[in-house]
Amino acid sequence: MSYLIKEKMMRDKSVTLADSAVAIEENFGEKIKGRIEESASFDAKKEYLEVAGYHHFPADNVQEVWENVFEKMANNDKITFSKVCSEWHNWVSPKRTRFLFREMFPTLASCAEGLSIEELMQCRKICKSWSQDFDHENQTRPSHLLLDFENPEATQFDRTILIVSNEFNNAKKIKKFLQDMKSHQGNPFPGRYISLDFYKIPKIGRRAREDERLQLKREFWGKALELLEAFGSHVYKAYIRLELPETTEVYEYFHKCLLHLPNLKSLRVNDACNGIPLHQTRAFYQRNPLPQLPQLETIDITGPPQVFWSSVLESVCVPAVVKRLRLFACGEFRKDAPIPEAVYNFHNLEAIDAQISIEELERFGNVLGGTPPLTAVAFDFRNGKQEQEQDFVRVFKSLEVFGGSLTHVKIEAKFSHYSVQHALEIGFAINLPKLEKLELHGFTGPLDPLCQLGTLECLRISCSWRQLEEWQGSTVDFYGFEWRMEDSNVWEKIPSIQKIHLERCSIRIDKFPCEMPKIYHRNMLRLSSK
Amino acid sequence: MALVRVISSDGAAFLVSQRLAKRSGKLKTEIETFRKSSDNSEAQPEIRIVTIRAEILRLVLQWLQQHQNDPVLPANQNEQDGRGDAEMGQSQWDRDFLAPMDLGIVMELILAANHLEVKGLLDITCKLVESKITGRTVDEIRTAFKLKSDFKGNEEEQTRLENRWCVEN
């Protein structure tokens, strides 16, 4: 026998019955198992929730009973509950400002531009429900695990991505935090994002001596460890900047920090200890391998490539879990920064941002365990030495192996004008059927080889004035149209394109980042989409 | 005049002109999908919006009707000229339209406008909610949204501290 509770479920979003069953159980001391029967064609009045094994449920349509059930539901389920039928909606409508916040908040955060982060955070103080919803939204957005190049417009405090972080830049601040949070139960970081970056020297009325600075840095790392010991397990995302001169002591702190961050999903680490000889770094990490972080999906490393990159990647990462990787070597290190062997085991990698050679790229497409399902790549073919010209056809041929998934490509390279012309002459067609966004830095036209990209929506190009002049001769009228791009025929030549972003650097781009280029921006949207 | 039947989650049907309906991005896509899949070019599309109830759908259609001759706002208006869309689009009629509404209704309207991709309505409703938060104390916000504090023990103090430590960054 079964008993039918009438007309209660939505087609797309079903209420989690576990909550309601538990709630009813609590109220009536009876065990109820439910299942949802959906009719093929949706009609709210004909939808039934079947509760098996009961002959009679006397309170099926008593408002108080359902309000009680409602109160015990999670906020997501409350939203669904309110949408089931007008009767249920009316029962809970006085409470909707409480439970609709979760659904409305992301829209509000991105649309209401007058609200500052502080005002948005004020919402956490209104009631528990708003507080939990704010935190949930803040902590679980997939965009929080993206690399910077995937989210180019986003900044740390961008409301559209809603990252709030706890930044610790000196020992005094950590000490005060620990004092304030002494009796705190649970997670004290609303964004589950912390930054450990010592840079703020307390004012002492004169410039701190080197030994004093060193002492302050040691104090900082000591306190940082205390902080992580107390609350590190709540952190999902961390930025750690390592800096202590000419000693591997800082690596010991780093090692201990990671031990207290077992749930980390995203790690950004900057090794700024330039003075430590490589053999010392290597010896340290051989003796003290870093702890593995089983949930680490995104890793962003800046530092000496030869030892630091490998030490971190080999010890910390579970190869099958890593989805996003950025490797950045600065200054002199750029001259010799090969992709570490460990990276070729990351067969689930979805996004990568790294300096790479064409040979490494070709190897990357043929890794053991299958081709990584890359959706976004940012490859820098410049290596700081004398800039080599890249073969346009070979680069794009190497990317074809990822064509089934690739939607965003960013390339920094010097393509010779000849190689692009050659691609045009041999009728080379880029075979990246899902490509939506293409960024080319240092591209020396013409644009014609891009014309067959049928899914391309956004094109971003940066080049020097000199390079732009080389675009002449193309069938795409681009050169000379930079400030009136709406008159260019590029919109007809690439019919799918919706947005073009042009940056023209006033100096040679291969000097970057030693010298900041002056950049002229020009954004243009397809007129028909206005 | 070509018409389209738009049906709310609670079964109420609204017959509106396709021209009007197409001012909603979502309805426009649905109408075009229907046209592509239908053999009969004269057939009247029927669109079910399973997440929006009649009272709210009626308000959205009412707003669309009032603004049917307005230029369609680009999705990235601010990028073009730096002006907020709400500043551009809000009229006395909009203010009168929103004035009697309970904030619960306004929140439902935000969700509906977002789902149906009606940018102008989304902007003015978000602006209204924003005005109930900006520069207000916690108690004033609670009053505006008819909410009571349900923090227990030192939870409220903890939340205040957590906020302070983020904002102080």
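Starting from 1, residues in each chain are numbered consecutively following that chain's sequence as written. Here chains are named by letter from A upward and ligands by number from 1 upward, in the order in which they appear as written. With pLDDT at 70 or above as the cut-off, local features in this predicted model cover only qualifying residues; side-chain atom pairs require 80 or more to be listed or tallied, and sums for whole chains, interfaces and linings still use all residues. Neither water nor hydrogens contribute to the side-chain values; these are computed over all heavy atoms in the structure.

1. Notes on the overall build of chain A
- For helices the rule is a DSSP run of H or I covering at least 4 residues; for strands it is a run of E covering at least 2, with both sets numbered from the N terminus onward. Secondary structure summary: chain A contains 18 helices and 18 strands in total.
- Residue contacts are counted whenever heavy atoms from the two residues lie within 4.5 Å of one another. Sequence-distant contacts, at least 24 apart, represent 70% of the contacts inside chain A between residues at least 6 apart.
- Here the Shrake-Rupley method, with its probe set to 1.4 Å, supplies the accessible areas, and only the displayed protein chains count as covering residues. Just so you have it, chain A exposes about 23,500 Å², and 49% of that area is on carbon and sulfur atoms.

2. Comments concerning the packing of helix α6 (residues 101-111) of chain A against helix α8 (residues 119-131) of chain B
- Contact geometry for α6(A) and α8(B): axes closest at 10 Å, N-to-C directions at 95°. Comparing the axis directions of α6(A) and α8(B) gives the class roughly perpendicular. On α8(B), the residues that touch Met104(A), Thr107(A), Leu108(A) and Cys111(A) of α6(A) are Leu122(B), Cys126(B), Val129(B) and Glu130(B).
- For the contact of α6(A) with α8(B), the class distribution of residues is 6 nonpolar, 1 polar and 1 charged. Fitted lines through C-alpha atoms give the axes, limited to the stretch in contact for helices. The angle between two N-to-C directions lies from 0 to 180 degrees. For classification purposes, angles smaller than 35 degrees are called roughly parallel, those larger than 145 roughly antiparallel, those between 65 and 115 roughly perpendicular, and all remaining angles oblique. When residue character is reported, Ala, Val, Leu, Ile, Met, Phe, Trp, Tyr, Cys and Pro are called nonpolar, Asp, Glu, Lys and Arg charged, and the others, Gly included, polar.

3. Comments concerning helix α3 (residues 75-83) of chain A
- Whether a residue is buried, partly exposed or exposed follows from its accessible area with a 1.4 Å probe, protein chains only, as a fraction of its type maximum: under 20%, in between, or over 50%, in that order. When you tally the buried positions in α3(A), you get 8 out of 9 residues, the bulk of the element.
- Every buried residue belonging to α3(A) is among Asn75(A), Asp77(A), Lys78(A), Ile79(A), Thr80(A), Phe81(A), Ser82(A) and Lys83(A), and all of these are buried.

4. Remarks on the interface of chain A and chain B
- Contact residues are listed per partner, giving 53 residues for chain A and 53 residues for chain B.
- Buried surface at the junction of chain A and chain B, summed over both partners, amounts to about 4,900 Å²; 61% is from carbon and sulfur atoms.
- Considering only the side of chain A, the residues that lose the most area to chain B are Lys125(A), Ile126(A) and Lys128(A), jointly responsible for 13% of the buried surface there.
- What qualifies as a polar contact is a pair of N or O atoms within 3.5 Å, subject to a donor-acceptor requirement within protein and to the restriction that residues adjacent in sequence count only when both atoms come from side chains. Taken together, the links from chain A to chain B amount to 21 residue pairs in polar contact (both at pLDDT 80 or more).
- Only α5 (96-99), α6, α7 (117-122), α8 (128-140), β4 (166-168), α9 (171-180) and β18 (519-525) of chain A provide two or more residues apiece to the side of chain A that touches chain B. The quantity reported as buried area is the accessible area (1.4 Å probe) lost by two parts once they are put together, taken as the sum for both.

5. Structural notes on the UniProt feature "domain: SKP1 component POZ" (unreviewed entry) in chain B
- When the UniProt feature table is mapped onto this chain, "domain: SKP1 component POZ" (unreviewed entry) is found at residues 4-69 of chain B.
- Taken end to end, residues 4-69 of chain B has its terminal C-alpha atoms 19 Å apart, with 45% of it in helix and 18% in strand. UniProt positions are given in the numbering used here, feature names are shortened, and annotations may be inferred rather than shown by experiment.

6. Topic: the packing of aromatic side chains
All names here are of chain A.
- Pairs were defined over the aromatic rings of Phe, Tyr and Trp, the Trp ring being its six-membered one, requiring ring centres within 6.5 Å. Orientation was assigned from the angle between planes: stacked under 30 degrees, edge-to-face over 60, tilted for the rest. Taken as a whole and judged by the stated rule, the model has 33 aromatic pairs over all chains.
- Here the aromatic rings of phenylalanine 101 and tryptophan 130 are separated by 4.0 Å at their centres, their planes lie at 10°, and the arrangement is stacked. In this pair, phenylalanine 101 sits in helix α6 while tryptophan 130 sits in helix α8, placing the two residues 29 residues apart along the sequence. Across this residue pair, the class does not change: phenylalanine 101 and tryptophan 130 are buried.
- Taken together, the ring pairs in this structure connect Trp66, Phe70, Phe81, Trp88, Trp91 and Phe99 into an aromatic cluster.
- Put simply, a charge is over a ring when the Lys NZ or the Arg CZ is close to the ring centre, within 6 Å, and near the line of the ring normal, within 35 degrees. Over the aromatic face of tyrosine 193 sits the side chain of lysine 237, whose NZ or CZ is 5.0 Å from the ring centroid.
- Cation over ring: lysine 265 sits above tyrosine 236, and NZ or CZ is 4.4 Å from the ring centre.

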